[in-house]
Amino acid sequence: MIFSISWKNIWRSRMRSIIVMTAVAIGMIGGIFASAVFKGMSEKRTEQAIKYEVSHLQIHHPDYYENEDINLTIPDARGVLDSLKNYPGIQSVSNRLEVSVMIKSSATGTGIKLLGIQPEHEKNVTAIHESVYDSLQVAEKLNVPENEIGQFLKDSCGTYFKPDTRYKQIVIGEKLAEQLKVDVKSKVVVNLQTAEGELTGGVFRVVGIYRINNSQFENTMAFVKRDDLGSLTGLNGSEAHEIAVRLKKGNDLKPVKEEIESQFPDVNVMTWKELQPELGMMTEWMNVMLYVIMVIILLALGFGIVNTMLMVVMERVKELGMLMAIGMNRVRVFSMIMLETILLSLTGGVIGMGVASLLVNYFGRVGINLELFSKGFEAIGFSPVLYPQIGLEFYFTITLLIILTAILASIYPAVKALKLNPAEALRIEI
């Protein structure tokens, strides 16, 4: 009975109700879509960091991050590596040498981190190989005959490490290639300190250039074969500065870390959140910030709803007085006004959430291309193509927040109605 009366009362002033519903709907569309964009950016950045940069977990010597000394290798690295391969939650592992070096071309030089990897193992842990300008894939897509310009494509695009060569190979980032002014087949000189503390160097040929939409990573990280770096540093095949671990499920991060730490107390196990703390903090705070945005929007809408419902009460003073005079108690009057407010807000909110979900689903598939600002995005590690995404639980929470906002917004108008004296209200001429 109260529900039916409240719903009909909403449409007594059709235009006013439509305006309020439209305001709520627009607020929901803007808030949810903006939240989905921010959430999508955060999730994409996290995905890229795990996929290309740090993997899920990394294992080091306990003192390595305090002092990146070349001799601080993982105790019994080979034994740790063999044990990790049998862990049920681990998908793959790869051991690396990591050395700070000076890299020089004929044009200039700069300091970078050089990772010595085993390419076949590294493919199972990170996806740098997918981001290299692979000329063979380009040739296949373009259907280029090998006897025409296929060789040109191979020479100009490069690959992710060739199987057998007489020279040392290096894969560098696009930004580093631009800084050094080198291309595929160019030679670079790497200077470093050996395990004995002596200065040495080697000549490497650029065989591939990778691009991952992260300017800082591209400019500071390069990859060579582990054996080549080991021969320069004097480190043997059983030593490693770093073991990268990729998990089958990202949710197993904490239990797998604790299990490794319990079995190998002499190593330092770090998750991607610890390796990139700013990214971990952003991920943790993003969910909180999404709700803060929506609460601010709902608070702003709440004042408009209070004003609307107060106007409704003032226009229906005589009617409310008559209802109380014929026996409707104050609880029912209060419930009627509150229910009207909830229905008014919820109708606009549901419409807004419906439209917002369609926008999020559409742009989540096709993306929002902001190539015009690509340099700015890549400078902080974000892709210029945004893919909005938001979880279903977010919509349920927003629905509850809308109802809560409506309840709070209805209190003052409802209290105002309860203070009416039925006898005096009936004498009011409208």
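Residues numbered from 1 in each chain as written. Predicted model: local features only at pLDDT ≥ 70, side-chain atom pairs only at ≥ 80, totals over all residues. Heavy atoms only, no water.

## A look at the overall build of the protein
Then comes step 1: Within the protein, the regular secondary structure consists of 17 helices and 11 strands.
Then comes step 2: Looking at the protein as a whole, 48% of its 430 residues are labelled buried.
Then comes step 3: Pairs at least 24 apart in sequence give 78% of the contacts found in the protein among residues at least 6 apart.
Then comes step 4: In the form shown here, the protein has an accessible surface area of approximately 21700 Å², with 58% of it arising from carbon and sulfur atoms. (Helix = DSSP H or I, 4+ residues; strand = E, 2+ residues; numbered from the N terminus. Buried < 20%, exposed > 50% of the residue type's maximum accessible area, 1.4 Å probe, protein only. Contact = heavy atoms within 4.5 Å. Areas by Shrake-Rupley, 256 points an atom, 1.4 Å probe, with all protein chains shown as cover.)

## Looking at helix H10 (residues 253-263)
Since one α-helical turn is 3.6 residues long, residues separated by three or four positions face the same way.
Then comes step 1: Among the residues of H10, Leu 253, Val 256, Lys 257 and Ile 260 are the ones counted as buried. Here the buried residues of H10 occupy an arc of 100° about the axis, which is enough to place them on one side. Residues of H10 that are exposed and angled more than 90 degrees away from the buried face: Lys 254 and Ser 262.
Then comes step 2: Among the structural elements, strand S1 (57-60), helix H3 (77-84), strand S2 (90-104), strand S8 (242-247), strand S9 (268-271) and helix H11 (272-275) are those in contact with the buried residues of H10. (Arc of directions from axis to C-beta.)

## Quick word on unusual backbone geometry
Then comes step 1: For Phe 161, which is not glycine, the phi torsion reads 60° and is therefore positive.
Then comes step 2: Looking at the element boundaries, Phe 161 is found in the loop between helix H6 (146-157) and strand S4 (168-173).
Then comes step 3: Judged by its relative accessible area of 8%, Phe 161 falls in the buried class.
Then comes step 4: Residue Lys 185 is not a glycine yet carries a positive backbone phi of 85°.
Then comes step 5: Take Lys 185: it is sitting in the loop between helix H7 (174-180) and strand S5 (187-193).
Then comes step 6: The exposure class of Lys 185 is partly exposed, given its relative accessible area of 48%.

## Focus on the packing of aromatic side chains
Then comes step 1: Applying the stated rule across the entire model yields seven aromatic pairs.
Then comes step 2: An angle of 70° between the planes, with centres 5.8 Å apart, marks the rings of Phe 33 and Phe 363 as edge-to-face. Highlighted residues: Phe 33 in helix H2 (residues 14-54) and Phe 363 in helix H14 (residues 330-366), separated in sequence by 330 residues.
Then comes step 3: For Phe 363, a relative accessible area of 25% puts it in the partly exposed group. (Phe/Tyr/Trp six-rings, centres within 6.5 Å; stacked < 30°, edge-to-face > 60°.)

## A closer look at the pattern of salt bridges
Then comes step 1: The full count for this structure, using the stated rule, is 12 salt bridges.
Then comes step 2: Ionic pairing is found between Lys 123 and Glu 120, a salt bridge with its closest N-O pair at 3.9 Å.
Then comes step 3: By relative accessible area, Glu 120 is classed as exposed at 56%.
Then comes step 4: In this structure, Lys 257 engages Glu 261 in a salt bridge whose closest nitrogen and oxygen atoms are separated by 4.0 Å. With a gap of four residues between them, Lys 257 and Glu 261 both fall in helix H10, about one helical turn apart.
Then comes step 5: Given the relative accessible area of 15%, Lys 257 is considered buried. (Salt bridge = Lys/Arg side-chain N within 4 Å of Asp/Glu carboxyl O.)

## Examining the pairing of S1
Strand residues, when the strand is regular, have side chains that alternate between the two faces of the sheet.
Then comes step 1: Residues Leu 57 and Ile 59 line one face of S1 and the alternating positions Gln 58 and His 60 line the opposite face, and both faces are buried.
Then comes step 2: Sheet topology note: the S1/S8 ladder contains three bridges and is antiparallel. Bridged to Ile 59 within S8 is Ile 243.
Then comes step 3: Bridge count for S1 against S9 is four bridges, and the pairing is antiparallel. Opposite Leu 57, over in S9, you have Thr 271 as the bridge partner. (Pairing = 2+ DSSP bridges.)

## Let's talk about the nonpolar core
Then comes step 1: Met 28, Ile 32, Ile 337, Phe 394 and Ile 398 are the most contacted members of the largest nonpolar core, which totals 34 residues.
Then comes step 2: Elements with a minimum of two residues in this core: helix H1 (2-10), H2, helix H12 (277-315), H14 and helix H16 (392-418).
Then comes step 3: Ignoring sequence-local partners within four residues, the contact set of Ile 337 consists of Met 309, Val 313, Ser 410, Pro 413, Ala 414 and Ala 417.
Then comes step 4: Counting 27 residues, the second largest nonpolar core, distinct from the first, contains Leu 57, Ala 77, Val 80 and Leu 279. (Core = buried A, V, L, I, M, F, W, Y, C linked by side-chain atoms within 4.5 Å.)

## Points about a nonpolar patch on the surface
Then comes step 1: A cluster of nonpolar side chains, contributed by Met 281, Trp 285, Val 288, Met 289, Val 292 and Ile 296, occupies part of the molecular surface with about 580 Å² of accessible area.
Then comes step 2: For Trp 285, the position within the fold is in helix H12. (Patch = residues over 30% accessible without salt bridge, like charges linked within 9 Å, V, L, I, M, F, W, Y side chains within 5 Å.)

## Notes on the environment of Gln 216
Then comes step 1: Position of Gln 216 among the secondary structure elements: in helix H8 (residues 215-220).
Then comes step 2: Along the primary structure Gln 216 and Gly 381 are separated by 165 residues, whereas in three dimensions their C-alpha atoms are 7.4 Å apart.

## Describing the pairing of S8
Then comes step 1: The buried count for S8 comes to five of six residues, which makes it a mostly enclosed element.
Then comes step 2: Note: S2 against S8, six bridges, orientation antiparallel. What sits directly across from Ile 90, in S8, is Leu 247.

## Quick look at the side chain of Ser 94
Then comes step 1: Structurally, Ser 94 is set in strand S2.
Then comes step 2: Within the structure, the side chain of Ser 94 is placed 3.0 Å from the side chain of Glu 122, a separation counted as a polar contact.
Then comes step 3: Setting aside its immediate chain neighbours within four residues, Ser 94 contacts Leu 81, His 121, Glu 122, Val 125, Glu 242, Ile 243 and Ala 244. (Polar contact = N/O pair within 3.5 Å; in protein donor to acceptor, adjacent residues only side chain to side chain.)

## Quick word on the packing of H2 against H14
Then comes step 1: Axis separation between H2 and H14 bottoms out at 7 Å; the angle between their running directions is 35°. The chirality of how H2 crosses H14 is right-handed.
Then comes step 2: Tallied by class, residues from the contact of H2 with H14 come to 17 nonpolar, six polar and no charged. (Axes fitted to C-alpha atoms, helices over the stretch in contact; angles between N-to-C directions. Left-handed = near helix turned anticlockwise from the far one by under 90°. Nonpolar A, V, L, I, M, F, W, Y, C, P; charged D, E, K, R; others polar.)

## Description of H12
Then comes step 1: Across its 39 residues, H12 extends 57 Å between first and last C-alpha, which sits within 8% of the 57 Å expected from 1.5 Å per residue.
Then comes step 2: The largest bend along H12 measures about 40° and falls at Met 286. (Expected span 1.5 Å × (residues − 1). Bend = angle between axes of the 7 residues up to and from the residue.)

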